[in-house]
Amino acid sequence: MGNGTKVGQVRGLGSAHGGTHHWMQQRFTAVGNALLVTWLLISVVTLPSYDYPTVTGWLAQPIVAVPMILLLVSVFQHIRLGLQVFIEDYVHDEGLKFASLILINFYAIAAAAFGIFSVAKIAFTGSVL
Amino acid sequence: MAKTGQRPLSPHLSIWRWGPHMLVSILHRVTGDGMAIFGGLGLVWWLCAIASGPAGYANFRYYAWEAAAGDTWGLIVNILCRIVMIGLTWAFFEHLFSGLRHFVLDIGAGYELNVNRRWSVVIVVASIVATAALWAWLLFGKGL
């Protein structure tokens, strides 16, 4: 809480130089993940088979493709925030910390983009077989 | 870090007496960061493989689950993938249950010593039971 002063407590700024936004985002995406990843787990384990036509036919449906894209957004935002806390806690060299934060941002955003593009491609080109 | 060099340091893992609440807190971070890397990459690998067409997806299935009997390297990758998949399933249940515990703690409840200890034990046990039950059903019930 800042330097422990009244104004520091009001601003709610700690050693991360940020306020409650990060903390709230971690909770919002946690609720999203709890719902969406549970949905994904149940959906995948109950698929009748894992051959190409079954999986693409399943994934191409709007009722599957849309939650899957939402899942990728929620999960990778949560991953970005979670890895950020990990780095802030354990990487103490300022330069290395900055480089690590760039790296995890690139990772989370690129992975989400690859995933969303893949789902969109499967949904728009249909189950080709 | 010159400014903070002289500040007193908090005692760390080596000095506290281990308890279930400490274990569940550490496991929350370990499973979260583990899933962030292995789960994130695995999910995107799977989706990209499907999107790249039947040959790409067949290649994914080959290395993830069903390499040919004579292919030693492929079978080693299969075993590693199975360990990762079972590990990720456990990590998911552990992180989910522990995350639900955090929501309760966030509203200011569950800090009584006995309650906190009991729910921490429940989370560790429940995540192992859920993982075992799911894989038992997948392998023996569904015949994966």
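Calculation rules
- Residues numbered from 1 in each chain as written.
- Chains lettered and ligands numbered in written order.
- Predicted model: local features only at pLDDT ≥ 70, side-chain atom pairs only at ≥ 80, totals over all residues.
- Heavy atoms only, no water.
- Helix = DSSP H or I, 4+ residues; strand = E, 2+ residues; numbered from the N terminus.
- Expected span 1.5 Å × (residues − 1).
- Core = buried A, V, L, I, M, F, W, Y, C linked by side-chain atoms within 4.5 Å.
- Buried < 20%, exposed > 50% of the residue type's maximum accessible area, 1.4 Å probe, protein only.
- Contact = heavy atoms within 4.5 Å.
- Axes fitted to C-alpha atoms, helices over the stretch in contact; angles between N-to-C directions.
- Parallel < 35°, antiparallel > 145°, perpendicular 65-115°, else oblique.
- Left-handed = near helix turned anticlockwise from the far one by under 90°.
- Nonpolar A, V, L, I, M, F, W, Y, C, P; charged D, E, K, R; others polar.
- Polar contact = N/O pair within 3.5 Å; in protein donor to acceptor, adjacent residues only side chain to side chain.
- Buried area = accessible area lost by both parts, 1.4 Å probe.
- Salt bridge = Lys/Arg side-chain N within 4 Å of Asp/Glu carboxyl O.
- Bend = angle between axes of the 7 residues up to and from the residue.
- Patch = residues over 30% accessible without salt bridge, like charges linked within 9 Å, V, L, I, M, F, W, Y side chains within 5 Å.
- Areas by Shrake-Rupley, 256 points an atom, 1.4 Å probe, with all protein chains shown as cover.
- Disulfide = S-S within 2.5 Å.
- Phe/Tyr/Trp six-rings, centres within 6.5 Å; stacked < 30°, edge-to-face > 60°.
- Lys NZ or Arg CZ within 6 Å of the ring centre and 35° of its normal.

Chemist: How should helix 3 (residues 72-106) of chain B be read in this particular structure?
Modeler: Helical periodicity: at 3.6 residues per turn, an α-helix aligns residues three or four positions apart in one direction. Spanning 35 residues, helix 3 of chain B covers 49 Å between terminal C-alpha atoms, matching the ideal 51 Å at 1.5 Å per step. Phi turns positive, to about 90°, at Gly108(B), one or two residues after helix 3 of chain B.

Chemist: What should I look at first to understand the nonpolar core in this one?
Modeler: Where a protein is soluble and globular, its nonpolar side chains tend to be buried together. Phe76(A) and Trp46(B) are the most contacted members of the largest nonpolar core, which has 50 residues in total. Of all the secondary-structure elements, those providing two or more residues to this core are helix 2 (21-45), helix 3 (52-59), helix 4 (62-90) and helix 5 (94-125) of chain A together with helix 1 (20-51), helix 2 (54-64), helix 3 and helix 4 (113-141) of chain B. For this core, the leading source of residues is helix 4 of chain A, giving 10 residues. What Phe76(A) contacts, discounting residues up to four positions off in sequence, is Leu71(A), Tyr107(A), Ala108(A), Ala111(A), Ala112(A), Gly40(B) and Val44(B).

Chemist: Please explain the packing of helix 4 of chain A against helix 1 of chain B as it appears in this structure.
Modeler: The packing of two helices is summarised by the inter-axis angle and the distance between the axes. Where helix 4 of chain A contacts helix 1 of chain B, the axes come no closer than 10 Å and their chain directions differ by 140°. Overall, the two elements helix 4 of chain A and helix 1 of chain B adopt an arrangement that is oblique. For the element pair helix 4 of chain A and helix 1 of chain B, the recorded crossing hand is left-handed. Of the residues in helix 1 of chain B, those in contact with Met68(A), Leu71(A), Leu72(A), Phe76(A), Ile79(A), Gly82(A), Leu83(A), Val85(A), Phe86(A), Asp89(A) and Tyr90(A) of helix 4 of chain A are Arg29(B), Asp33(B), Ala36(B), Ile37(B), Gly40(B), Leu43(B), Val44(B), Trp46(B) and Leu47(B). In the contact of helix 4 of chain A with helix 1 of chain B, the residues fall into 15 nonpolar, 2 polar and 3 charged.

Chemist: In this structure, what is going on with the environment of Arg82(B)? I would like to understand it.
Modeler: Position of Arg82(B) relative to the elements: it lies in helix 3. Separated by 2.6 Å, the side chain of Arg82(B) and the backbone oxygen of Trp65(B) make a polar contact.

Chemist: Mind showing me how you'd approach the interface of chain A and chain B here?
Modeler: Many descriptions give the size of an interface as the accessible area lost when the pieces come together. Taken together, the contact between chain A and chain B spans 43 residues of the former and 30 residues of the latter. Three residues stand out in chain A for area buried against chain B, namely Val45(A), Tyr50(A) and Tyr52(A), and they jointly supply 19% of the buried area on that side. A salt bridge links Asp106(B) to Arg27(A), with the nearest nitrogen and oxygen atoms 2.9 Å apart. Summed over the shared surface of chain A and chain B, the number is 11 residue pairs in polar contact (both at pLDDT 80 or more). Of all the secondary-structure elements, those providing two or more residues to the side of chain A that touches chain B are helix 2, helix 3, helix 4 and helix 5 of chain A. Per-element tally for the side of chain A that touches chain B: the top contributor is helix 4 of chain A, with 12 residues. Across the side of chain A that touches chain B, the residue classes tally to 30 nonpolar, 8 polar and 5 charged.

Chemist: Please explain helix 1 of chain B as it appears in this structure.
Modeler: Residues and elements named next belong to chain B. For helix 1, built from 32 residues, the straight-helix expectation of 46 Å at 1.5 Å per residue is met to within 8% by its first-to-last C-alpha distance of 43 Å. Helix geometry: helix 1 is bent most strongly at Met35, by close to 35°. Among the residues trailing helix 1, Gly53 stands out with phi positive, at a value near 110°.

Chemist: How do you make sense of a nonpolar patch on the surface when you look at a structure like this?
Modeler: Residues Trp73(B), Ile76(B), Ile79(B), Leu80(B) and Ile83(B) make up a contiguous nonpolar surface patch of roughly 560 Å² in combined accessible area. Tracing the backbone through its elements, the reader meets Ile83(B) in helix 3.

Chemist: Looking at this structure, how should I read the state of the cysteines?
Modeler: Linking two cysteines covalently via their sulfur atoms produces the bond known as a disulfide. On inspection of all chains with the given rule, the structure shows 0 disulfides over all chains. The cysteine Cys48(B) is free of any disulfide, with Cys81(B) supplying the nearest cysteine sulfur at 16 Å.

Chemist: When you look at the packing of aromatic side chains in this model, what are you seeing that I'm missing?
Modeler: Each pair of aromatic rings is reported with the distance of its centres and the angle of its planes. Counted by the stated rule, this structure contains 11 aromatic pairs over all chains. The ring of Trp23(A) carries Arg27(A) above its face, with NZ or CZ at 3.9 Å from the centroid. One residue, Arg82(B), lies across the ring of Trp65(B), its end atom 4.1 Å from the ring centre.

Chemist: Sorry, what's going on with the packing of helix 1 of chain B against helix 4 of chain B here?
Modeler: Residue and element names in this part refer to chain B. Axis separation between helix 1 and helix 4 bottoms out at 8 Å; the angle between their running directions is 50°. For the element pair helix 1 / helix 4, the angle class is oblique. In this structure, helix 1 meets helix 4 at a crossing whose hand is left-handed. Contacts between helix 1 and helix 4 pair Pro20, His21, Leu23, Val24 and Leu27 from the former with Asn116, Arg117, Ser120, Val121, Ile123 and Val124 from the latter. A class-by-class count of the residues in the contact of helix 1 with helix 4 yields 7 nonpolar, 3 polar and 1 charged.

Chemist: So what exactly am I meant to see when it comes to the side chain of Gln84(A) here?
Modeler: Note on placement: Gln84(A) falls in helix 4. Residue classification places Gln84(A) among the buried residues on the basis of a relative accessible area of 19%.

Chemist: When you look at the side chain of Thr56(A) in this model, what are you seeing that I'm missing?
Modeler: Residues and elements named next belong to chain A. Note on placement: Thr56 falls in helix 3. Classification of Thr56 as buried rests on a relative accessible area of 2%. A distance of 3.3 Å separates a polar side-chain atom of Thr56 from the backbone oxygen of Pro53.

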